[in-house]
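Secondary and tertiary structure notes
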Amino acid sequence: MARHEVVGDLRVQQIERKDGRRSWTIVWPEGTVHTEANRFLRLHDGSGTQRTYAYLLVDHLRWLERECLAFTEVQLRYLERYMGILGAEVRMPLGEPWRVGKRPYGRSALSIAAACLKGFYLHQSSLGINGELGRKLDKSRLPSRVERRRSFLGHVKSSLPTNPLAPKGPHRRHPKMLPEGARERLLETVNAARDRLVVTWLADGGLRIGELCGLHLVDLHLREDAACGECRAPHLHVCHRPGNPNRAEAKSKHPWRVEHGIVTGGLIKRVSPAMVHTYFEYVTTEYPRGAGHGMLLVQLHGADTGQPWAPAARPLLPSAPTWRCSPLTSSTPTAAAPCPTPGSTPASAPGSPTSTSAVTTSPTRPGTRWPPGCYGTARP
């Protein structure tokens with residue numbers, strides 16, 4: 001989303017907290033908090049959903065201001081017309097244009113906007129404001145056979161919530177895959193060990209870009225039988241840290257902790273031999289010695305050399321969901337079940353995350369520092 005100054009209109013305000021966390025709210029042009037919006041956004045405090053909902057909701061509130069509509073006057077057909085202005089297919093006059101010069105929302109953005117509007121007006125209805133609209137939005141439907149199979153205890157489900165504002169019709173069941181040879185072409189194009197690490201770890205590890213940029217060296221347990229005792233194969237721990245200096249945050253929020261310099265918990269993902277190889281190449285050739293922040297990815301050029309690398313610094317790489325569709329991806333929310341046991345047969349695919357020979361492929365030579373991630377503990 002493009003950043004620009006907003007004068008004389010509702011705007012999203014970012015709040016910096018003392019512990020490094022961030023929150024978002026909506027304020028009036030004079031700087032006072034929009035009470036109704038802030039009350040709803042506080043329900044999602046501490047999550048990335050709050051930021052997304054804030055920017056979607058502020059656009060809707062601006063539209064209400066233009067239409068001179070109070071919350072008590074909003075009806076379902078008004079919301080359907082607003083969704084049509086955003087890009088949804090609705091059969092009604094849309095009225096005066098809105099968001100002139102901007103592209104219409106795609107299906108995913110429309111679904112998120114519909115969820116935001118439904119949640120906002122259901123919250124208003126729970127406070128006694130426009131209860132009729134809340135009853136029209138609070139609908140349910142019978143689950144389909146596919147939905148019963150996908151959900152836990154789906155055979156006992158009798159109804160599922162539905163959103164009358166959400167886009168209708170079939171949707172793409174599988175995200176787009178990378179074309180054949182895309183990874184090899186990217187590896188031929190990049191000219192830094194850090195960039196080769198990014199391409200390899202996104203492809204083999206199935207990491208989101210926020211998870212990758214938020215990794216600390218202490219999160220990497222790149223040897224067998226690491227001290228954490230949660231996975232016998234080489235692996236890493238994805239930990240949600242809202243106070244990272246580069247603002248990178250993992251979307252998953254599994255509990256984790258550090259005891260005696262060893263990370264346990266979080267989202268555990270196995271590491272392929274190719275990932276370990278690129279890690280050793282990067283740490284022994286480009287990683288700065290004086291970096292005190294302990295994060296894995298750093299900037300290599302400019303005035304901020306050595307500082308943590310932000311997710312916004314990789315505009316040429318494909319999106320994270322594309323990488324997570326790789327057949328070599330291994331994402332395990334639990335620690336022990338997917339990890340191979342000693343004596344098990346590793347996968348036959350090259351670079352497979354289930355291989356237990358990761359450390360043997362890492363380059364070491366006399367006079368180089370032993371990378372801290374291979375111990376599974378914090379740096380001294």
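Residues numbered from 1 in each chain as written. Predicted model: local features only at pLDDT ≥ 70, side-chain atom pairs only at ≥ 80, totals over all residues. Heavy atoms only, no water.

Describing the overall build of the chain
Looking only at helices and strands, the chain features eleven helices and nine strands. Here the chain, with 380 residues, has 43% of them falling under the buried criterion. Within the chain, counting contacts between residues at least 6 apart in sequence, those at least 24 apart form 62% of the total. For the chain, the exposed area adds up to about 20,900 Å²; of that, 53% sits on carbon and sulfur atoms. (Helix = DSSP H or I, 4+ residues; strand = E, 2+ residues; numbered from the N terminus. Buried < 20%, exposed > 50% of the residue type's maximum accessible area, 1.4 Å probe, protein only. Contact = heavy atoms within 4.5 Å. Areas by Shrake-Rupley, 256 points an atom, 1.4 Å probe, with all protein chains shown as cover.)

Notes on the confidence of the model for the chain
When pLDDT is averaged across the chain, the result is 81; 78% of the residues are at 70 or more. Note on residues 324-380: pLDDT is under 50 here. Beyond four places in sequence and across chains, it has 123 contacts. (pLDDT = per-residue confidence, 0-100.)

Examining the side chain of His216
Turning to its location among the elements, His216 is positioned in the loop between α9 (209-213) and β5 (220-221). Since its relative accessible area comes to 13%, His216 is described here as buried. At 3.0 Å, the side chain of His216 forms a polar contact with the side chain of Asn244. Once you skip the residues sitting within four places of it in the chain, His216 turns out to touch Arg241, Asn244, His293, Gly294, Met295 and Leu296. (Polar contact = N/O pair within 3.5 Å; in protein donor to acceptor, adjacent residues only side chain to side chain.)

Details of the sheet that holds strand β9 (residues 267-270)
In space, the three strands of this open sheet follow the order β5-β6-β9, with antiparallel pairing throughout. Every interior strand has two partners, whereas the edge strands, β5 and β9, have only one. The pairing of strand β6 (residues 235-238) with β9 spans four bridges and is antiparallel. Its bridge partner lying in β9, His237 is registered against Ile268. (Pairing = 2+ DSSP bridges.)

Details of the pairing of strand β7 (residues 256-259)
Examined bridge by bridge, β7 and strand β8 (residues 262-265) share four bridges and lie antiparallel to one another. Within the sheet, the bridge partner assigned to Glu259 lies in β8 and is Ile262.

Side note on the packing of helix α2 (residues 48-67) against helix α3 (residues 76-86)
The geometry of α2 relative to α3 is characterised by a closest axis approach of 12 Å and an angle of 115° between their N-to-C directions. Between α2 and α3 lies a crossing of right-handed hand. Along its contact with α2, which presents Leu56, Asp59, His60, Trp63 and Glu67, the element α3 presents Tyr78, Leu79, Arg81, Tyr82, Ile85 and Leu86. Classifying every residue of the contact of α2 with α3 by side-chain character gives seven nonpolar, one polar and three charged. (Axes fitted to C-alpha atoms, helices over the stretch in contact; angles between N-to-C directions. Left-handed = near helix turned anticlockwise from the far one by under 90°. Nonpolar A, V, L, I, M, F, W, Y, C, P; charged D, E, K, R; others polar.)

Some words on the packing of aromatic side chains
Overall, the coordinates contain seven aromatic pairs when judged by the stated rule. Ring centres 5.4 Å apart and planes at 65° place the aromatic pair Phe71 and Phe120 in the edge-to-face group. A residue pair is termed long-range when its members are at least 10 positions apart, and Phe71 in the loop between α2 and α3 and Phe120 in helix α4 (residues 107-126) qualify at 49 residues. A relative accessible area of 15% places Phe71 in the buried class. Phe120 gets classed as buried once you look at its relative accessible area, which sits at 0%. Both rings, one in Phe120 and one in Tyr121, keep their centres 5.1 Å apart while their planes meet at 80°; by these two values the pair is edge-to-face. Judged by relative accessible area, which is 2%, Tyr121 ranks as buried. Each member of the aromatic cluster is reached from another via a ring pair, and the members are Phe40, Tyr53, Phe71, Phe120 and Tyr121. Sitting over the ring of Trp309, Arg194 keeps its end group 4.2 Å from the ring centre. (Phe/Tyr/Trp six-rings, centres within 6.5 Å; stacked < 30°, edge-to-face > 60°. Lys NZ or Arg CZ within 6 Å of the ring centre and 35° of its normal.)

Some points on the pattern of salt bridges
This structure, assessed with the given rule, holds 13 salt bridges. Between Glu16 and Arg247 there is a salt bridge; the shortest N-O distance is 3.0 Å. Of this pair, Glu16 sits in strand β1 (residues 11-16) while Arg247 is found in the loop between β6 and β7, placing the two residues 231 residues apart along the sequence. Among the residues examined, Glu16 registers a relative accessible area of 44% and is labelled partly exposed. Three or more residues are tied together by salt bridges with common partners; here these are Arg66, Glu67 and Arg81. (Salt bridge = Lys/Arg side-chain N within 4 Å of Asp/Glu carboxyl O.)

A short note on helix α10 (residues 273-285)
A rise of 1.5 Å per residue sets the reference length of α10, with its 13 residues, at 18 Å; its end C-alpha atoms lie 18 Å apart and thus fit the reference within 8%. Those residues of α10 lying buried are Pro273, Met275, Val276, Thr278, Tyr279, Phe280, Tyr282, Val283 and Thr284. Buried-residue contacts for α10 involve α8 (193-205), β5, β6 and β9. (Expected span 1.5 Å × (residues − 1).)

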